[in-house]
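Each chain is listed here by its residues.
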Amino acid sequence: MAEVRKTQLRFGAVPFGEGVYRLVVPAEGVAEDRSIPPTLEEFKQRLRALAGTDFGVHSPRWLTRFGDATRLAERYRTGRVLLAGDAAHIHPPMGGQGLNLGIQDAFNLGWKLAAEVNGWAPEALLDSYHTERHPVAAAVLDNTRAQSELLSPEPGAQAVRRLVSELMDFEEMNRYLVEKITAIGVRYDFGGEHPLVGRRLRDVGLKGCVAKITPEH
């Protein structure tokens with residue numbers, strides 16, 4: 001069953017430079033059919049209702065609707081059926097994490113399917129897809145929910161937002177949040193004690209390394 005939550009967001013504006021802004025408003029009550037593309041007039045009506053002005057918005061480059069439904073499949077594999085991307089998880093678009101999450105699902109699954117098809121996959125390799133990727137999606141759902149709450153205009157949420165902003169002044173905390181949102185901090189549990197085991201290899205400077213490629217004739 002889908003979780004029904006009412007957003008607390010009134011409206012938000014993000015400057016893109018050169019007089020261009022991205023504006024977000026709740027679309028509740030605007031249209032019964034959410035599959036119908038929104039219009040500029042609908043958008044202006046919501047701005048006037050929430051902000052008291054439409055800010056003179058005009059010439060939209062892009063209009064779209066999105067929701068805050070949050071769902072995660074219980075299993076990524078049942079027999080020959082495997083789920084990836086939006087078929088496995090949906091969440092609010094905070095931080096633009098959905099595309100990254102889906103691509104990493106496909107990357108993780110792709111080579112394992114190839115190994116199975118080509119006959120060299122060890123036993124339970126395909127099952128490791130769920131084991132590795134399901135916790136990653138669960139973490140993304142948690143942090144997008146948290147970010148959604150921080151958008152609330154309520155005093156409690158705003159106090160937490162200010163506190164998080166102060167904590168981000170610390171390099172260690174800032175790095176932690178950046179790695180979480182960008183998925184650079186993902187670590188698969190391979191049982192190794194070294195902190196780099198199961199993690200993405202960071203950029204490493206190479207010195208005096210020469211690669212030689214001999215083309216086939």
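What you are looking at is a predicted structure, and each value in this text was computed from that prediction instead of being measured. (Residues numbered from 1 in each chain as written. Predicted model: local features only at pLDDT ≥ 70, side-chain atom pairs only at ≥ 80, totals over all residues. Heavy atoms only, no water.)

Draft legend 1. Region of interest: the overall build of the chain. Along its length, the chain carries 5 helices and 6 strands. The C-alpha radius of gyration computed for the chain amounts to 22 Å, which surpasses the reference 17 Å derived for 217 residues by more than 25%, pointing to a less compact arrangement than a globule. Taken along its principal axes, the extent of the C-alpha atoms in the chain is 65 × 45 × 45 Å. Counting over 217 residues, the chain shows a buried share of 24%. Sequence separation of at least 24 residues holds for 47% of the intrachain contacts in the chain that already meet a minimum separation of 6. When the accessible surface of the chain is totalled, it reaches about 16,000 Å², and 57% of it is carbon and sulfur. Looking at charge distribution, the chain has the averaged site of its 27 positive side-chain charges lying 3 Å from that of its 28 negative ones. (Helix = DSSP H or I, 4+ residues; strand = E, 2+ residues; numbered from the N terminus. Rg over C-alpha atoms; globule rule 2.2 N^0.38 Å. Buried < 20%, exposed > 50% of the residue type's maximum accessible area, 1.4 Å probe, protein only. Contact = heavy atoms within 4.5 Å. Areas by Shrake-Rupley, 256 points an atom, 1.4 Å probe, with all protein chains shown as cover. Lys, Arg positive; Asp, Glu negative; His and termini not counted. Charge placed at Lys NZ, Arg CZ, Asp CG, Glu CD.)

Draft legend 2. Geometry of unusual backbone geometry. One non-glycine residue, Glu18, lies in positive phi territory at about 55°. If you trace the backbone, Glu18 turns up in the loop between β1 (12-17) and β2 (20-24). Accessibility expressed as a relative area gives 82% for Glu18, which makes it exposed. Within the chain, Ala124 stands out as a residue other than glycine whose phi angle is a positive 75°. Relative to the helices and strands, Ala124 resides in the loop between α2 (97-117) and α3 (127-150).

Draft legend 3. Broad picture of the packing of α2 against α3. Here α2 crosses α3 at 175°, and the two axes come no closer than 10 Å. Considering their axes alone, α2 and α3 lie roughly antiparallel with respect to each other. In contact with Gln97, Leu101, Gln104, Asp105, Asn108, Leu109 and Lys112 of α2, α3 contributes Ser128, Tyr129, Glu132, Arg133, Val136, Ala137, Val140, Asn143, Thr144 and Gln147. Split by residue class, the contact of α2 with α3 holds 6 nonpolar, 7 polar and 4 charged. (Axes fitted to C-alpha atoms, helices over the stretch in contact; angles between N-to-C directions. Parallel < 35°, antiparallel > 145°, perpendicular 65-115°, else oblique. Nonpolar A, V, L, I, M, F, W, Y, C, P; charged D, E, K, R; others polar.)

Draft legend 4. Quick peek at the layout of surface pockets. As a volume, the second largest pocket reaches approximately 420 Å³. Of all elements in the fold, only α2, α3 and α5 (171-182) reach the threshold of two or more residues within the lining of the second largest pocket. Per element, the largest residue contribution to the lining of the second largest pocket is 8 residues, and it comes from α3. (1 Å grid on protein atoms, 1.4 Å probe; cavity = no way out; pocket = protein on both sides within 12 Å on 5 of 7 lines; lining within 4 Å. Points joined across faces, edges and corners; volume = space filled by probe spheres on them.)

Draft legend 5. Seen up close, the nonpolar core. Counting residues in each nonpolar core, the largest one holds 13 residues, and the members touching the most others are Tyr76, Leu101, Val136 and Val186. For this core, the secondary-structure elements that each account for two or more residues are α2 and α3. In terms of residue count, the dominant contributor to this core is α3 (4 residues). Residues within four places of Val186 in sequence aside, it is in contact with Gln104, Val136, Gly198, Arg199 and Arg200. Within the second largest apolar cluster, 5 residues are counted, among which are Val25, Leu47, Leu50 and Val57. (Core = buried A, V, L, I, M, F, W, Y, C linked by side-chain atoms within 4.5 Å.)

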